[in-house]
Amino acid sequence: MKQTASAVRLGASRIEAFSSYTLGGGRDLDTTPLHDKGPTLCVFAKPPIPGQCKTRLAATVGASRASELAAAFLADTWDVRWPSKILATTDAAYDFGLGADRWAQGTGDLGARLESILRRAGGGVAIGADSPGFPPEALIRATEALRRGEAAIGRTTDGGFWLIGLPHVPAGLFADLPWSSPRTAEATVARLRGFGFEVGEVAQWFDIDEAADLEVFRGRVARHEAPRTWSVLDLG
């Protein structure tokens, strides 16, 4: 997760009643040990407006195509079915077409906005919208960590993180961390431990910031795991 995150205006999510947690790609996981209401899933996103999202990706593929991809990334991310989830956005007035409960991220750097949203949620799991096809079992592992009173983190291959989970959020937890740095995850884990948290690590994944990351996506994500992203890529 970095200072910016993708967003979407592509299609409506299919949100169904829960007898179990049903996660992306049509994969049902056995979650018998978990009660019906898991932690709130907070998906961080911004409107997919050309020129205002995925600017590093846009430098190679163009602003219009980058915005289409940003929309697809979030569509695939939001389609993960979870009992309680919200869209944490830089513009809560923007209609993403998802029927989502939209919360304004607020001001400040990523740390300030993470703290604001996760405190409002009473603790929860935050993910960015630019890691389509992420391993859904990571949400289960994060939930288990939170129920033990631990924090959870999912690192990215570039030194950041794509998932952070907290059972509660002390004031100043994320203050002055080195965002968008190869040291972001390392520094975040050290900060969490400094605040007394045990840290459970979930699966490492990647986020899509540049054109080269699209090739990583093609090599690691099956079509059924992120169908909207694949559809946009096929058009190119």
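Details of the structure are given in the entry above.
Note that the coordinates shown come from a computational prediction; the quantities given were computed from them, not determined experimentally.

S.K.: Lay out the pairing of strand E3 (residues 40-45) in plain terms, naming residues and giving numbers.
M.R.: Most of E3 is tucked away, with six of its six residues classed as buried. The sheet contact formed by E3 and strand E6 (residues 124-128) spans five bridges and is parallel. Bridge assignment links Val43 to a residue of E6, and that residue is Ile127. Sheet topology note: the E3/strand E4 (residues 85-89) ladder contains five bridges and is parallel. Residue pairing for E4: Cys42 is matched across the bridge by Ile86.

S.K.: Which residues make up the packing of aromatic side chains, and what values do they have?
M.R.: With the rule as written, the count across this model stands at six aromatic pairs. Ring centres of Tyr94 and Phe96 lie 4.9 Å apart, and the angle between their planes is 75°; this geometry places the pair in the edge-to-face category. For the pair Tyr94 and Phe96, a shared accessibility class is recorded, and that class is buried. Centre to centre, the rings of Phe174 and Trp179 are 6.5 Å apart; their planes meet at 50°, and the pair counts as tilted. Judged by relative accessible area, Phe174 falls into the buried class, the value being 1%. Taken together, Phe161, Phe174 and Trp179 form an aromatic cluster joined through their ring pairs. In this structure, Arg120 packs its charged tip against the face of Trp103, placed 4.1 Å from the ring centre.

S.K.: Which residues make up the pattern of salt bridges, and what are the values?
M.R.: Within the structure shown, the criterion is met by 11 salt bridges. Three or more residues are tied together by salt bridges with common partners; here these are Lys54, Arg56, Asp130, Asp209 and Glu210.

The rules behind the values
Residues numbered from 1 in each chain as written. Predicted model: local features only at pLDDT ≥ 70, side-chain atom pairs only at ≥ 80, totals over all residues. Heavy atoms only, no water. Buried < 20%, exposed > 50% of the residue type's maximum accessible area, 1.4 Å probe, protein only. Helix = DSSP H or I, 4+ residues; strand = E, 2+ residues; numbered from the N terminus. Pairing = 2+ DSSP bridges. Phe/Tyr/Trp six-rings, centres within 6.5 Å; stacked < 30°, edge-to-face > 60°. Lys NZ or Arg CZ within 6 Å of the ring centre and 35° of its normal. Salt bridge = Lys/Arg side-chain N within 4 Å of Asp/Glu carboxyl O.

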